[in-house]
Amino acid sequence: MATLAPVAPVRAVDPLDVSRPELYRDDVWQAPFRELRATAPVHRVEHSDFGPYWSISSYKPIITVESLPDLYSSQAGGITLADFIENNPGDVRMPMFIAMDRPKHTGQRRTVAPAFTPSEMVRMSDNIRTRTSEILDSLDWNTPFDWVDKVSVELTTQMLAILFDFPWEERRKLTFWSDWAGDIELAKNDELRLERLKHMYECGAYFQNLWNAKVGKDPTPDLISMMIHSDAMAEMDQMEFLGNLILLIVGGNDTTRNTMSAVAYGLDLFPDQRAKLEANPSLIHNTVQEVIRWQTPLAHMRRTATADTELEGQQIKAGDKLALWYLSANRDESVFENADQIIVDRANARRHLAFGHGIHRCVGARLAELQVSVLLEEMAKRRMRVNVLGEPERVAACFVHGYRKLPVEISRY
Ligand code: HEM
């Protein structure tokens, strides 16, 4: 008689464990977060696929945590709920300043910040507009296509290729590496962790060659050259340089891409708001903020407590991990009225937390805003409306919050 294999104990689903990927795949995360905000904005989840963690789900305590970066570290446990496992095959810690504390964070952030100043944005804006126009003009009217692939991925990838002076024909490699690097569901599977590591090494080797080609040469206006010639570069070793490049690829890729997809999906979901915007293009800048708030392309960032402390009456112990759910804070009704709706002229759309807050607030925010504004401006010039033809395929993960496919067609209004 065949012996039965031992059955792994089945854990009951905790309805308030908001790290479950199916909540995002099926777009049903809103209700558990509503309950958390109402009843337990600082809530401990004892059992999850990522181990025990605290869920911080409303606006105010997230600001509190982000304002105390020494007490709530980005370095001690990294920036996502997935833990780095020491000596685990597939787990090599890439040093990136998003996962560093002061003072190291300060010095390394300084190497890339000059690429995102307002004057750099002005310098880049013509190029962004040209690329955006080319992509929009290549689309067939009244014919179904996938907005994610044809517009969101293509535009963000082109922007990153320009930012890095990356070989143009190979730019989709940036998308490929970014998708691997940002997928925290992979952390649950040893084989996939190893495969991810392989791709990260490929990415590292590729950038090493780009670096070699620029070192010792005159400065050029791209991020790699800017980093090589920066004073703060002296504080960075080779691994840190590569880690930070990967950070910029991932940071600038999924996030902006998913905002561009949300422009199409979200405005179609609220046609009265879309009509308001179409009638008044001066609302574009506010709409960009509002769509970023509504989408929140990164659902959370993680912090790790460095000492015992108290947060909203809850006892946090040194070493505890906290998920800061920007996705939920941006739907906090005490800050944003009718928060689940896109309202293109919402007065306080800018207060969203999608870029985080405090010393780690997104360094690329201006670039992301510029790209999305230009997209909306160029759509308005063409009187282009995006009609969604069916439900999107969504990313099944609690970190990157976005879309894999979005069937649409475009028409003129
Ligand atoms: C940091 C979101 C676009 C590069 C962050 C953080 C968030 C975020 C939530 C962490 C903040 C914190 O811990 O407090 C977004 C969103 C974007 C976007 C929603 C688009 C809509 C970009 C772009 C780039 C970029 C275009 C660069 C090309 C970075 C970097 C950091 C960062 C380097 C680390 C900053 C630090 O630790 O000091 N971003 N980001 N991001 N982002 Fe973005």
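Residues numbered from 1 in each chain as written. Predicted model: local features only at pLDDT ≥ 70, side-chain atom pairs only at ≥ 80, totals over all residues.

- An unreviewed UniProt entry lists the protein under the name Cytochrome P450, from Sphingomonas echinoides.

## Digging into the environment of Met 227
Step number 1: Relative to the helices and strands, Met 227 resides in helix H9 (residues 223–228).
Step number 2: Taking the C-alpha atoms as reference points, Met 227 and Tyr 403, 176 residues apart in sequence, are found 32 Å from one another. (Helix = DSSP H or I, 4+ residues; strand = E, 2+ residues; numbered from the N terminus.)

## Some details on the sheet that holds strand E1 (residues 42–45)
Step number 1: Strand order in the open sheet made by the 5 strands is E1-E2-E8-E5-E3, with mixed pairing throughout. Of all the strands in the sheet, just E1 and strand E3 (72–73) have a single pairing partner and so form its edges.
Step number 2: Across 2 bridges, the pairing between E3 and strand E5 (residues 300–305) is antiparallel. Its bridge partner being in E5, Ser 73 is matched across the sheet by Thr 304. (Pairing = 2+ DSSP bridges.)

## Some words on the pairing of strand E2 (residues 53–56)
For a regular strand, the rule is simple: side chains alternate between the two faces of the sheet.
Step number 1: Of the two faces of E2, the one lined by Tyr 53 and Ser 55 and the one lined by Trp 54 and Ile 56 are each fully buried.
Step number 2: As paired elements, E1 and E2 share 4 bridges and run antiparallel to each other. Along E2, the bridge assignment pairs Val 45 with Tyr 53.
Step number 3: Of the strand pairs in this sheet, E2 and strand E8 (residues 321–325) are connected by 3 bridges, and their pairing is parallel. The partner of Ile 56 across the bridge, within E8, is Leu 324. (Buried ≥ 20, exposed ≤ 12 C-beta atoms within 10 Å, placed from the backbone.)

## Concerning the confidence of the model for the protein
Step number 1: The pLDDT averaged across the protein works out to 92; a share of 95% of its residues lies at or above 70.
Step number 2: Per the prediction output, this complex has pTM 0.95; the corresponding ipTM is 0.99. (pLDDT = per-residue confidence, 0-100.)

## Here we look at the site of the ligand
Step number 1: Taken together, 27 residues lie near the ligand, and Gly 251, Gly 252, Gly 356, Cys 362 and Gly 364 sit nearest.
Step number 2: Of all the secondary-structure elements, those providing two or more residues to the shell around the ligand are helix H10 (238–269) and helix H14 (365–381).
Step number 3: A total of 7 residues in the shell around the ligand trace back to one element, the largest contributor, which is H10.
Step number 4: A per-class count over the shell around the ligand returns 14 nonpolar, 10 polar and 3 charged. (Near = placed C-beta within 6 Å. Nonpolar A, V, L, I, M, F, W, Y, C, P; charged D, E, K, R; others polar.)

## Comments concerning helix H4 (residues 104–112)
Step number 1: Every buried residue of H4 is accounted for by Gln 108, Thr 111 and Val 112. Here the buried residues of H4 occupy an arc of 95 degrees about the axis, which is enough to place them on one side.
Step number 2: If you follow the buried residues of H4, they end up packed against H9 and H10. (Arc of directions from axis to C-beta. Contact = placed C-beta atoms within 7 Å.)

## Focus: the packing of helix H8 (residues 190–214) against H10
Step number 1: At a closest axis distance of 10 Å, the pairing of H8 and H10 adopts a crossing angle of 110 degrees. Classified by the interaxial angle, the pair formed by H8 and H10 is roughly perpendicular. Here Met 200, Cys 203, Gly 204, Phe 207 and Gln 208 of H8 come into contact with H10, specifically with Leu 242, Leu 245 and Ile 246.
Step number 2: Residue classes in the contact of H8 with H10 are distributed as 6 nonpolar, 2 polar and no charged. (Axes fitted to C-alpha atoms, helices over the stretch in contact; angles between N-to-C directions. Parallel < 35°, antiparallel > 145°, perpendicular 65-115°, else oblique.)

## So, the sheet that holds strand E12 (residues 407–412)
Two pairing modes exist for strands in a sheet, parallel and antiparallel, and in both the strands are linked by backbone hydrogen bonds.
Step number 1: Taken in spatial order, the 3 strands of this open sheet run E4-E12-E9, and their pairing is antiparallel. The two strands at the open ends of the sheet, each matched to only one other strand, are strand E4 (145–146) and strand E9 (384–388).
Step number 2: Pairing of E4 with E12, which is carried by 2 bridges, proceeds in the antiparallel orientation. When the bridges of E12 are listed, Asp 146 appears paired with Pro 407.

## Re unusual backbone geometry
Step number 1: Here the residue pair Arg 102 and Pro 103 is connected by a cis peptide bond, since its omega of 5 degrees sits within 30 degrees of zero.
Step number 2: Mapping Pro 103 onto the fold places it in the loop between E3 and H4.
Step number 3: Here the phi dihedral of Glu 312 falls at roughly 45 degrees; this positive angle occurs in a residue that is not glycine.
Step number 4: By secondary structure assignment, the location of Glu 312 is in the loop between strand E6 (309–311) and strand E7 (314–316).

## Section: the packing of H10 against H14
Step number 1: Here H10 crosses H14 at 30 degrees, and the two axes come no closer than 10 Å. Here H14 runs roughly parallel to H10, going by the angle between their axes. The way H10 lies across H14 gives a crossing that is right-handed. Between H10 and H14, the residues in contact are Gly 252, Thr 255, Thr 256, Thr 259, Met 260 and Val 263 and Leu 367, Ala 368, Gln 371, Val 372, Leu 375 and Leu 376, respectively.
Step number 2: Its residues placed into classes, the contact of H10 with H14 shows 7 nonpolar, 5 polar and no charged. (Left-handed = near helix turned anticlockwise from the far one by under 90°.)

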